[in-house]
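If you want the building blocks of each chain, they are given just below.
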Amino acid sequence: MTSELRKGDSGDAVIQLSTTLSRLGFLKSALSEFDQNVESAVKAFQQERGLIVSGILDSTTSRSLEEAKWKLGDRTLSFNVLAPIRGDDVAQLQTRLVEMGFNCGRVDGIFGSQTELAVKEFQRSVGAKVDGQFGPSSVMAMVRLMKIVSGGAPQQLREEVTRANKGPSLANKVIVLDPASECGPEASAITFDIAQRLEGRLIALGVSVFLTRSATSHISEAERIVTSNKIGADLVLSLNIDRYKNESAHGVATCYYGSDTHGVHSVVGERFATLVQREICARTDLLNCRTHAKTWDLLRLTKAPAVRIDLGYISNPGDALRLNEKDFRETVVESIMIAIQRLYLAAEDDAKTGTLKISDLRRVGLRK
C-alpha cells in the first residue's frame, strides 16, 4: 500500500486500500477509485483509531490499517528487537495478559521485551514451553484460562500508584517540554516562548527540565520519543498551536493516550489532560474543545504519561491575538504549572479548578 493516497487517486493501491477497509467493515465493497465513499471510510477509520481525521491515507494511517488486519491467533507472536511485531492481535494479547495479572507494561500493540517477559510468565504459570513465543498452543492455554479467570485493570492501578508514590513535591522530577514547530514560524516561536517560561518556573522548583528543541533547531518526533524514554521522564508535555483552513475554528483542546478500540488509556495522562484543560479554560476565555483520547505516536510510544495541549488556532484572529500577548502566555503558563502540581497532590489536598495559586504552593512548602 502506498504511503500517500487521497481523493481522486486510482489503481491497484486504491483497490488494496478499499479491500482492507471493506474487510474491516468501513466500506461495503472494494473500489478502484478513491471517491467520496473511500474518503469517508478512511475518515471513519481514522476517527475510530484516534488519528488525525484527514481522509488521506498517510503513512500513519497506512500503518494503523496494517495493524488492524490482525486478530489474536492469526500468527505466532514473538519479540524481534530489529522489527517489533505490531498489530491488534498484540494489543489483544497484552490486554488479556494485563487482565490476568501479568505485567506487560502499556497496552500499545507492540510486542516488546516486556511483553515477551509477560508471555514467558504466563507460559510458566500454565506449564507450557517457556519460549516467549505466543503461538497456537499458548492461544489454547489462554482460552482455557480466560474461562476461569476474571481480571481488573492492574496496569492502570500500577500507573496511578507510581504517580502517587512520586509525592506532591516537584523536586527531582523529570519533565520533558516539547514545543511543536509544525504550524509555521509564528506558532513555533510562541510555543517555544511558553516552553521557556515553563522551564524557568519548573527549574525554580527543583525539576529537571528537558526541551526537545531550541529556538532554531528541530528533531523528528521519533527522536523526541527516544529522548523522553531514555532520560526516564516522569511527564511529557507537548505544546502545539493548530491551523485550519476555516478561520472560525478556535479553542483549546488537550489529548492523552487512549484507544477505545482496545479499551485502554493512560490513567495519569487522562487525569493530567483533564486538569490542564480545566485550568486553562477557567483562567482564559479560550473555547473549551475538551480532552480527547488519541493514539498518536508521541502519546502512545512515550513510556511516561504524555499529553498534547493545542493552545488555540493561529489561523483564528481571536486566538492569534491572545497568543501574541505576553500576559496571556503568562496566564497559560500559570495554568499549566498549577495543573502539574495538582497532578501530584492527593485527592484530599486538591483544590477547585481555577482557585489554586502559586502562593498556595509556597504556603504548604511545595515551592520556594
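Rules of the game
- Residues numbered from 1 in each chain as written.
- Predicted model: local features only at pLDDT ≥ 70, side-chain atom pairs only at ≥ 80, totals over all residues.
- Heavy atoms only, no water.
- Salt bridge = Lys/Arg side-chain N within 4 Å of Asp/Glu carboxyl O.
- Helix = DSSP H or I, 4+ residues; strand = E, 2+ residues; numbered from the N terminus.
- Buried < 20%, exposed > 50% of the residue type's maximum accessible area, 1.4 Å probe, protein only.
- Expected span 1.5 Å × (residues − 1).
- Arc of directions from axis to C-beta.
- Contact = heavy atoms within 4.5 Å.
- Phe/Tyr/Trp six-rings, centres within 6.5 Å; stacked < 30°, edge-to-face > 60°.
- Lys NZ or Arg CZ within 6 Å of the ring centre and 35° of its normal.
- Axes fitted to C-alpha atoms, helices over the stretch in contact; angles between N-to-C directions.
- Left-handed = near helix turned anticlockwise from the far one by under 90°.
- Nonpolar A, V, L, I, M, F, W, Y, C, P; charged D, E, K, R; others polar.

*Asks:* Could you clarify how one ought to interpret the pattern of salt bridges in this entry?
*Replies:* Where charged atoms from two side chains of opposite charge approach closely, those side chains can pair. One pass over the structure, following the stated rule, counts 19 salt bridges. A salt bridge links Asp297 to Arg63, with the nearest nitrogen and oxygen atoms 2.6 Å apart. Taken together, the residues Asp297 in helix α11 (residues 297-300) and Arg63 in helix α3 (residues 59-68) connect sequence positions 234 residues apart. What makes Asp297 buried here is its relative accessible area of 14%. Looking at Arg63, the relative accessible area reads 26%, which means it is partly exposed. Here Arg124 makes a salt bridge to Glu121, at a shortest N to O gap of 2.7 Å.

*Asks:* Any chance you could explain the environment of Gln16 here in plain terms?
*Replies:* With respect to the helices and strands, the residue Gln16 is situated in helix α1 (residues 12-23). The exposure class assigned to Gln16 is partly exposed, which follows from its relative accessible area of 38%. C-alpha of Gln16 to C-alpha of Leu31: the two residues are 15 residues apart in sequence and 8.7 Å apart in space.

*Asks:* Whenever I open this one, α1 confuses me. Can you help?
*Replies:* The end-to-end C-alpha distance of α1, which contains 12 residues, comes to 16 Å, matching closely the 16 Å that a straight helix rising 1.5 Å per residue would cover. Turning to α1, its buried residues are Ala13, Val14, Leu17, Ser18, Thr20 and Leu21. One face of α1 carries all of its buried residues, which in axial projection span an arc of 155 degrees. Among the exposed residues of α1, those pointing more than 90 degrees away from its buried face are Asp12 and Arg23. The inward-facing, buried residues of α1 contact α2 (36-49) and α3. Gly25 occupies a position one or two residues after α1 and carries a positive phi of about 90 degrees.

*Asks:* How do you make sense of helix α8 (residues 185-204) when you look at a structure like this?
*Replies:* Think of an α-helix as turning once every 3.6 residues; residues three or four places apart then point the same way. If you check α8, its first and last C-alpha atoms are 29 Å apart, about what 20 residues at 1.5 Å a residue would give, namely 28 Å. Within α8, burial applies to Ala187, Ser188, Ile190, Thr191, Phe192, Asp193, Ile194, Ala195, Arg197, Leu198, Arg201 and Leu202. Gly206 sits one or two residues past α8 and shows a positive phi near 85 degrees.

*Asks:* I tried to follow the packing of aromatic side chains on my own but got confused; where do I start?
*Replies:* Note on aromatic pairs: each is described by the distance of the centres and the angle between the planes. A complete count under the given rule lists 3 aromatic pairs for this structure. Judged by centre distance (5.6 Å) and plane angle (85 degrees), the rings of Phe26 and Phe45 are edge-to-face. Of this pair, Phe26 sits in the loop between α1 and α2 while Phe45 sits in helix α2, and the two are 19 residues apart along the sequence. Residue class for Phe45 comes out buried when judged on its relative accessible area of 1%. Taking 6.4 Å as the distance between ring centres and 50 degrees as the angle between the ring planes, the aromatic pair formed by Phe122 and Phe134 counts as tilted. Residue Phe122 is located in helix α5 (residues 113-125), and its partner Phe134 is located in the loop between α5 and α6 (136-146); the two are separated by 12 residues in the primary sequence. For Phe134, a relative accessible area of 1% corresponds to the buried category. The structure contains a cluster of three or more aromatic residues connected by ring pairs, namely Phe102, Phe122 and Phe134. Geometry around Trp70 places Arg75 over its ring, the cationic atom sitting 3.9 Å from the centre.

*Asks:* Whenever I open this one, the packing of helix α10 (residues 267-283) against helix α13 (residues 326-344) confuses me. Can you help?
*Replies:* The relative placement of two packed helices comes down to the angle between their axes together with the axis-to-axis distance. Where α10 contacts α13, the axes come no closer than 8 Å and their chain directions differ by 145 degrees. In this structure, the crossing between α10 and α13 has a hand that is right-handed. Here Val268, Arg271, Phe272, Leu275, Val276, Glu279, Ile280 and Arg283 of α10 come into contact with α13, specifically with Thr331, Glu334, Ser335, Ile336, Ile338, Ala339, Ile340, Arg342 and Leu343. Residues that form the contact of α10 with α13 fall into these classes: 10 nonpolar, 2 polar and 5 charged.

*Asks:* When you look at the environment of Asp242 in this model, what are you seeing that I'm missing?
*Replies:* Position of Asp242 among the secondary structure elements: in strand β3 (residues 235-242). Along the chain, Asp242 and Asp310 lie 68 residues apart, while their C-alpha atoms are 6.3 Å from each other. Not counting residues up to four positions away in its chain, the partners in contact with Asp242 are Cys183, Arg308, Asp310, Gly312, Tyr313, Ile314 and Ser315.

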